[in-house]
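# Structural characterization, general
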Amino acid sequence: MPKALSLRNVTKVYRNGFEALKGIDLDVEPGDFFALLGPNGAGKSTTIGIVASLINKTGGSVSIFGHDLDREKDAAKACLGLVPQEVNFNGFEPVVEIVVNQAGYYGIPRRQAFERAEHYLRELGLWEKRRDMARTLSGGMKRRLMIARALVHEPRLLILDEPTAGVDIEIRRSMWAFLRRINAEGRTIILTTHYLEEAESLCRNIAIIDQGEIIENTSMKRLLGKLNVETLVLDLAKPLAHLPTLPNHTVRWVDELTLEADIRKEDSVNQLFTDLATADVQVLSLRNKSNRLEQLFMNLVRENRPS
Amino acid sequence: MSLRRNLIALQTIVIKEVLRFSRIWLQTVFPPMITTALYFIIFGGLIGARIGEMDGLRYMDFIVPGLIMMAIITNSYANVVSSFYGSKFQHHIEEMMVAPIPNYLIILGFVAGGVARGLTVGVAVTIVSLFFSPFSMHSLGVTLSVVVLTSTLFALAGLINGIFAKSFDDISIIPTFVLTPLTYLGGVFYSISLLPEFWQGMSHLNPILYMVNAFRYGLLGVTDINLWLSYAIILGFIAALFTFSLYLLNKGHGIRN
């Protein structure tokens, strides 16, 4: 079965000489929920722009479900739905028209386009707003409108470029649930996001891009398995006069009521608490210092860059 | 399958374009009616009464075809340049770029929108003209074909302006400094036979002269120019502008990095 997305040696050099992509290879399996992560300016949006035919590539090849984007452009485009990072609909058009017109661009007859628009606008909680001018929607609604528009031709591959940026947590959670559902129904999803807990929660596979190169491409499970050390933040019952020394763990002072303790993968948490009790440190509560993926992401990007 | 898909895509662009200018009719259809009424009152009525006849016609009757054609030209052009630049500015041109629509269909869709506005304004201005001049139709075929071909030509020109435009200033420079002077000097208000020989010759370099005269022939049966030459020039310009705009879109000029 062909890959949902396959990039081979894709390069992009902008007119000003900036080399945005340095020959990337990437495969996404059908049905996958795939994260494409990277710092700002790493090449994520350029990659997505090339796949969506919004940016001309300099070299290499792109195929979507086996259709080469140069040789079978129409077939490749028909397989793809895009939710871009920036709002890119006409704010002076009613919501329903934006979705219906997009269906029309893919050759879907108008009556069927209205039926599909109703389906997806209802799914995404926008049906009541169908006659409103798109510019009057809230930020979260605009994002959902772009998702409805991207889905109206029922693409096999959906690419979402930071779909939850600036969206409140309630709407973000409902969008996650919706994306999980359409992925479970068989649609391949590629997601870029700066909320790494979003990628960790949703995606099964991941690629990290930095400075125009793929620096990691693996399963989420395997990537998280690389994390050797986690940092726990400990809230203490009484103030400490000095930093305790523990035989098996490194601890750091945050303030008189808070400590940070590093715990290796092979260490036992029980041992940490035994050591803390021996040092007469009473812990009220604990939490992870940061998102695990965030920590890995920072490590990988740091390692990739010349010191 | 592909033909049907393409026809639906074209229909969608045309509907979108027609709805766009219809929704803002107060900015798109109504102003040319007011402007043309003023031209009729001031030039046709007040000044024209002192001018007398032009090419054997009452001056008011002589300027009717030119004024209708002027409204058609400026509105066909303005519709496409503002719509295409607007879609670039707001990035919703990307809606078409991600879809499997051939570039020639994007051109046809935008041009059809421009022609639709040109024709709508043409009909509206013609209705206004009936208050000042009796309706006359020498040849329906010539009139309709010249209107459609001329608005197609200027819709294509507006599209090319929209493709090149990088700011709102860029979409007003050509209409102000090229289109308006050429239209005024294209025999809207006078017969070129009034001009000295040198300026008559120079006027023949102005393509709008051919369109105004062909249209005047369609309505009134009088023209300064050979009708078939007018058709040849209009069709030649359409072919050249279509080819150029297709080349620009295929290259992604102004829309694709």
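Source: prediction; values computed, not measured.

Of regular secondary structure, chain A possesses ten helices and 14 strands. In terms of overall dimensions, chain A has C-alpha extents of about 75 × 45 × 40 Å along its principal axes. Here chain A holds 307 residues, and 41% of them are scored as buried. For chain A, contacts bridging at least 24 residues in sequence account for 67% of all contacts bridging at least 6.

Regarding its fold elements, chain B presents eleven helices and two strands. Element order for chain B, N to C, with α for helix and β for strand: α-α-α-β-β-α-α-α-α-α-α-α-α. For 257 residues, the compact-globule estimate of 2.2 N^0.38 gives 18 Å, and chain B sits close to it at 19 Å. Its C-alpha atoms put chain B at 60 × 35 × 35 Å along the principal axes. Within chain B, counting contacts between residues at least 6 apart in sequence, those at least 24 apart form 82% of the total.

We now examine the sheet that holds strand 4 (residues 59-64) of chain A. Residue and element names in this part refer to chain A. An order of 2-1-4-5 is seen for the four strands of this open sheet, with the pairing classed as antiparallel. One side of each edge strand has no neighbouring strand; the edge strands of this open sheet are strand 2 (19-28) and strand 5 (67-68). Pairing analysis gives five bridges linking strand 1 (residues 5-13) to strand 4, with the strands arranged antiparallel. When the bridges of strand 4 are listed, Thr11 appears paired with Gly59.

All names here are of chain A. Across the sheet, which stays open at both edges, the six strands sit in the order 6-7-8-3-9-10 with mixed pairing between neighbours. In this open sheet, the two strands that pair with only one neighbour each are strand 6 (80-83) and strand 10 (213-219). In this sheet, neighbouring strand axes are inclined to one another by 15 degrees on average, regardless of whether the strands run parallel or antiparallel. Pairing of strand 7 (residues 157-161) with strand 8 (residues 188-192), which is carried by five bridges, proceeds in the parallel orientation. Residue pairing for strand 8: Leu158 is matched across the bridge by Ile189. Packing against the sheet, helix 1 (residues 44-51) makes contact with strand 3 (33-37), strand 6, strand 7, strand 8 and strand 9 (205-210), and its axis sits at approximately 145 degrees to strand 7.

Quick look at the interface of chain A and chain B now. Contacts between the two partners involve 26 residues from chain A and, on the opposite side, 21 residues from chain B. Secondary structure elements with two or more residues in the side of chain A that touches chain B: helix 2 (73-78), strand 6 and helix 3 (95-105) of chain A. Class assignment of the residues belonging to the side of chain A that touches chain B gives a composition of 13 nonpolar, nine polar and four charged.

With that settled, the discussion passes to the confidence of the model for chain B. Confidence along chain B averages 91 in pLDDT terms, with 100% of residues attaining 70 or more. Model confidence for the complex: the whole-complex pTM is 0.85, and ipTM, which rates the interface, is 0.89.

Under the UniProt annotation, the feature "transmembrane region" (unreviewed entry) is placed at residues 30-51, 63-85, 105-132, 144-165, 171-192 and 228-249 of chain B. Taken as a whole, residues 171-192 of chain B contains 64% helix and 0% strand, while its terminal C-alpha atoms sit 30 Å from one another.

The rules behind each value
Residues numbered from 1 in each chain as written. Chains lettered and ligands numbered in written order. Predicted model: local features only at pLDDT ≥ 70, side-chain atom pairs only at ≥ 80, totals over all residues. Helix = DSSP H or I, 4+ residues; strand = E, 2+ residues; numbered from the N terminus. Buried ≥ 20, exposed ≤ 12 C-beta atoms within 10 Å, placed from the backbone. Contact = placed C-beta atoms within 7 Å. Rg over C-alpha atoms; globule rule 2.2 N^0.38 Å. Pairing = 2+ DSSP bridges. Axes fitted to C-alpha atoms, helices over the stretch in contact; angles between N-to-C directions. Nonpolar A, V, L, I, M, F, W, Y, C, P; charged D, E, K, R; others polar. pLDDT = per-residue confidence, 0-100. UniProt positions renumbered as here; feature names shortened; annotations may be inferred.

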